[in-house]
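As a plain string of letters, each chain reads:
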Amino acid sequence: MCGALRVTDSGSKAVLMGWVHRRRDLGNLLFIDIRDRTGLTQIVFDQESNPGLHEKARQLRNEYVIAVIGTVMKRDAKTVNKNIATGEVELVAQELRILNESKQPPFLPGDTVLPNEEMRLKYRYIDLRREAMQRNIVLRHNLAIAIRDNLSAQGFFEIETPFMTRSTPEGARDYLVPSRVQPGSFYALPQSPQLFKQILMISGFDKYFQIVRCFRDEDLRADRQPEFTQIDLEMSYAQPERVWEVVEAFLKAAFKVAGHEMETPFPRMTYDEAIRRYGTDKPDLRLPAMTNVGEAFNKEDLAALALSAKLPIVALRIPKVGELSRKERDDIKPLFNGKGKAKLFEDFKRLEKSFPQAAARIRENLGADGDDLIVLVGGDGSKSGDEAKPQGTPPDHAVYTTAGLLRLALAQKYAERHRAFERTGDPARDFRFLWVTDFPMFEYDEEAQRWAAAHHPFTSPHEQDLGRLESDPGAVRALAYDVVLNGTELGSGSIRIHRQDIQRRIFCALGMAEEEARQRFGFFLEALEYGTPPHGGIALGLDRIVMILAGAESLREVIPFPKTARAVDLMVDAPTPVSEAQLKELGIMIRSG
């Protein structure tokens, strides 16, 4: 391979095959760097010793595919290239074969300045030749192997589930596949193997896993793709703690392959605690938690500030920011979106002058130094809605989540400039995992005026909350859990419902009539009647894990052939219209609008 030769190979004969990476013509001497996925080696063509070969080599251009036979020679000390692994040797060419020529590419794998992303995706086969992309794909391969090996060692079977199944849309839209042999009927590409893996538990395969492609027709972001890969697993007779142990074990093995040692078990935090301390169910533990400082103010203070006594007052402390100018304080305001439910106090020193006792208590509570930036977010007392609604998000959660979004925005704005939010160790290796547990079973859909499943309708509620299913759905906790890393949700899972009577009650709480439930999930409901063991599982996004370990900003950097933000494959130009003959055969008519 082109990155394999070393000083110990000096005097040996070698055959190298790969792409022309770079050429330097110095007259009598022509230097060619040949490249493959392992690296590159310098090749020397000497006109004096072999004029015919030298003349042939002058035809070479970037990205030609060649084979070279020659002798490995140790370089002179002055010409050693310390930037590459093969930099102490070169190959003196004795034979050259041009295996294929190449047009001039729109960009070169060795370019330091990259073209725009659309160009990279259109010519993905060129982009994938770049060292950074090759490194990311190799990392992805190594992680998948480590995960497979670890789960196999824990007694799991890798079992493939169908790609063509029935449409049971929940949340995102399905990709539909028309059936030619069943006119008017459609398959759906799976959003996840959820029901199939639960049926595998009913079938007696008590430990299942799969590294599987899934499909969701939803709006895209940097961390979403219409087709993606997840690490999917399910276990019979498992409590949440057992699922967590399994996941921690394979994540530890995967991160070790990437050069990172992890400590287990991961810390755990309930959903309610995460919202109150971090304002999000995906906390980034590298950043300081928020603090409710409402007790620092008396009733008169609250009235003067038009703050609600029934809602929290959240303090955000940003260490070592230093004195901010008036303009810098004003720049904080656009980062805040209270939506009429919360108020922002970005000028703490001004607040300190009017309310010195309250400000002193807040500083003491936070342990804040004089050069720390303190920002307060409180519930707007001039607005109605202090009383919790029977449905929907509690008002105090609205304040916490508003403050949580501001906390992340301030982290991004000030962390680098002012060295705020101190982190321990090397930030590039500072991985803070967390299990978030006890999510709400339901969330209220204001538009549809009904309850919806917060995760999916097959999630089991806490046994002690079953009595509230009909009377107070918003108070029911789910046996659901997410694994979070540095503010990114890596995976989501739950203990599943294994009893048909409870599954019926969940469907009823979601406003789903028995006939609708039978139509959509009849095959699964029937399977539950045949001795279903308790079971639970989880699915983690492999793409996201690779993205984090690669230090990439987008999933497109770690997926070989991704789609754009408009769900388009620029390389193959998909999706595209199909012929009238194909549509007619499928019994489909395209209607505009």
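Scoring rules and cut-offs
Residues numbered from 1 in each chain as written. Predicted model: local features only at pLDDT ≥ 70, side-chain atom pairs only at ≥ 80, totals over all residues. Heavy atoms only, no water. Phe/Tyr/Trp six-rings, centres within 6.5 Å; stacked < 30°, edge-to-face > 60°. Helix = DSSP H or I, 4+ residues; strand = E, 2+ residues; numbered from the N terminus. Buried < 20%, exposed > 50% of the residue type's maximum accessible area, 1.4 Å probe, protein only. Lys NZ or Arg CZ within 6 Å of the ring centre and 35° of its normal. Patch = residues over 30% accessible without salt bridge, like charges linked within 9 Å, V, L, I, M, F, W, Y side chains within 5 Å. Areas by Shrake-Rupley, 256 points an atom, 1.4 Å probe, with all protein chains shown as cover. Salt bridge = Lys/Arg side-chain N within 4 Å of Asp/Glu carboxyl O. Pairing = 2+ DSSP bridges. Core = buried A, V, L, I, M, F, W, Y, C linked by side-chain atoms within 4.5 Å. Contact = heavy atoms within 4.5 Å. Expected span 1.5 Å × (residues − 1). Axes fitted to C-alpha atoms, helices over the stretch in contact; angles between N-to-C directions. Polar contact = N/O pair within 3.5 Å; in protein donor to acceptor, adjacent residues only side chain to side chain. Parallel < 35°, antiparallel > 145°, perpendicular 65-115°, else oblique. Left-handed = near helix turned anticlockwise from the far one by under 90°. Nonpolar A, V, L, I, M, F, W, Y, C, P; charged D, E, K, R; others polar.

Chemist: For the packing of aromatic side chains, give the residues involved together with the corresponding values.
Modeler: Counted according to the given criterion, the structure contains 15 aromatic pairs. Ring centres of Trp-244 and Trp-435 lie 5.5 Å apart, and the angle between their planes is 25 degrees; on these two criteria the pair is classed as stacked. Here Trp-435 lies in strand 16 (residues 433–437) and Trp-244 lies in helix 6 (residues 240–257), a separation of 191 residues in the sequence. For Trp-435, a relative accessible area of 0% corresponds to the buried category. Here Phe-266 and Phe-433 contribute two aromatic rings whose centre-to-centre distance is 4.4 Å and whose plane-to-plane angle is 10 degrees, an arrangement assigned as stacked. Taken as a pair, Phe-266 in the loop between helix 6 and strand 11 (268–270) and Phe-433 in strand 16 lie far apart in primary sequence, 167 residues in all. Comparing Phe-266 with Phe-433, the two get one shared label, buried. Sitting over the ring of Tyr-123, Lys-122 keeps its end group 5.8 Å from the ring centre.

Chemist: Account for a nonpolar patch on the surface, naming residues and giving values.
Modeler: Where nonpolar side chains cluster on the molecular surface, the patch consists of Val-15, Met-17 and Leu-99 and spans about 300 Å² of accessible area. Mapped onto the elements of the fold, Leu-99 is located in strand 5 (residues 89–100).

Chemist: Talk me through the sheet that holds strand 16; I want residue IDs and the actual numbers.
Modeler: Within the open sheet, the eight strands sit side by side as 6-9-10-21-20-19-16-11. Their pairing is mixed. In this open sheet, the two strands that pair with only one neighbour each are strand 6 (157–158) and strand 11.

Chemist: Report on the pattern of salt bridges, specifying residues and quantitative values.
Modeler: Scanning all chains against the criterion turns up 40 salt bridges. Arg-24 is the partner of Asp-33 in a salt bridge, and the nearest nitrogen-oxygen pair spans 3.3 Å. The buried category is assigned to Asp-33, whose relative accessible area is 6%. With its nearest N and O atoms 3.9 Å apart, the salt bridge here joins Glu-131 to Arg-135. Note that Glu-131 and Arg-135 are positioned in helix 4 (residues 131–153) at a spacing of four residues, about one turn of the helix. Note on Glu-131: relative accessible area 63%, which makes it exposed. Several salt bridges share partner residues, and in doing so they unite Arg-120, Arg-124, Asp-127, Arg-130 and Glu-557 into one network.

Chemist: Report on the nonpolar core, specifying residues and quantitative values.
Modeler: Grouped together as the largest cluster of nonpolar side chains are 45 residues, with contacts concentrated most on Ile-332, Leu-406 and Phe-442. Here this core gets six residues from one element, more than from any other, and that element is helix 12 (residues 395–418). Ignoring sequence-local partners within four residues, the contact set of Phe-442 consists of Trp-451, Ala-452, Ala-454, Leu-469, Pro-473, Val-476, Ile-506, Ala-509 and Leu-510. Counting 41 residues, the second largest nonpolar core, distinct from the first, contains Leu-233, Val-247, Ala-254 and Leu-542.

Chemist: An account of helix 6 is requested, with residue identities and associated values reported.
Modeler: Here helix 6 spans 26 Å end to end across 18 residues, near enough to the 26 Å set by a 1.5 Å rise per residue. The complete set of buried residues in helix 6 reads Pro-240, Val-243, Trp-244, Val-246, Val-247, Glu-248, Phe-250, Leu-251, Ala-254 and Phe-255. Directly beyond the C-terminal end of helix 6, a positive phi value near 95 degrees is found at Gly-259.

Chemist: Describe in detail the sheet that holds strand 4 (residues 65–74), supporting the description with residues and values.
Modeler: Pairing between the strands of a sheet is mediated by backbone hydrogen bonds and can be parallel or antiparallel. Taken together, the five strands give a closed barrel; going around it, the order is 1-2-3-5-4, and neighbouring strands pair in mixed fashion. Mean inter-strand twist for the sheet, computed between neighbouring axes without regard to direction, equals 55 degrees.

Chemist: Could you give an account of helix 4, with specific residues and numbers?
Modeler: A rise of 1.5 Å per residue sets the reference length of helix 4, with its 23 residues, at 33 Å; its end C-alpha atoms lie 33 Å apart and thus fit the reference within 8%. Taken together, the buried positions of helix 4 are occupied by Met-133, Asn-136, Leu-139, Arg-140, Leu-143, Ala-144, Ala-146, Ile-147, Asn-150 and Leu-151. As for helix 4, its buried residues are in contact with helix 2 (117–122), helix 3 (124–127), strand 9 (207–215), strand 10 (227–236), helix 6 and helix 15 (542–550). Looking one or two residues past helix 4, Gly-155 carries a phi angle of roughly 90 degrees, positive in sign.

Chemist: Lay out the environment of Asp-76 in plain terms, naming residues and giving numbers.
Modeler: Mapped onto the secondary structure, Asp-76 falls in the loop between strand 4 and strand 5. Sequence separation between Asp-76 and Phe-561 is 485 residues, and the spatial gap between their C-alpha atoms is 43 Å. Of the polar contacts made by the side chain of Asp-76, one reaches the backbone nitrogen of Lys-78; its length is 2.9 Å.

Chemist: Mind laying out the side chain of Asn-62, listing which residues take part and the relevant values?
Modeler: Looking at the element boundaries, Asn-62 is found in the loop between helix 1 (51–57) and strand 4. Classification of Asn-62 as buried rests on a relative accessible area of 19%. Filtering out sequence-adjacent residues up to four positions away, Asn-62 remains in contact with Val-20, His-21, Arg-22, Arg-23, Ser-102 and Leu-108.

Chemist: Can you lay out the side chain of Asp-430 for me, pointing to particular residues and giving the numbers?
Modeler: Secondary-structure assignment places Asp-430 in the loop between helix 12 and strand 16. A distance of 2.8 Å separates a polar atom in the side chain of Asp-430 from a polar atom in the side chain of Arg-432.

Chemist: Would you mind going over the packing of helix 4 against helix 15 in detail, with residue names and values included?
Modeler: Helix 15 packs onto helix 4 with a crossing angle of 125 degrees between their chain directions and a minimal axis gap of 10 Å. With respect to their mutual orientation, helix 4 and helix 15 come out oblique. Read as a crossing pair, helix 4 and helix 15 show a hand that is right-handed. Between helix 4 and helix 15, the contacting residues are Asn-136, Leu-139, Arg-140, Leu-143 and Ile-147 on the first element and Leu-542, Asp-543, Ile-545, Val-546, Leu-549 and Ala-550 on the second. Partitioned by chemical class, the residues of the contact of helix 4 with helix 15 number eight nonpolar, one polar and two charged.

Chemist: Any chance you could break down the packing of helix 5 (residues 194–202) against helix 14 (residues 514–528) for me, citing the residues and the numbers?
Modeler: For any two helices packed against each other, one specifies the inter-axial angle together with the distance between the axes. Where helix 5 contacts helix 14, the two axes come as close as 10 Å, and the packing angle between them is 20 degrees. Taken together, the axis directions place helix 5 and helix 14 in an arrangement best described as roughly parallel. Handedness of the crossing formed by helix 5 with helix 14: left-handed. Contacts between helix 5 and helix 14 pair Leu-195, Gln-198, Ile-199 and Ile-202 from the former with Phe-521, Phe-523, Phe-524, Ala-527 and Leu-528 from the latter. The class makeup of the residues in the contact of helix 5 with helix 14 is eight nonpolar, one polar and no charged.

By themselves, these figures tell us nothing about what the structure is for.
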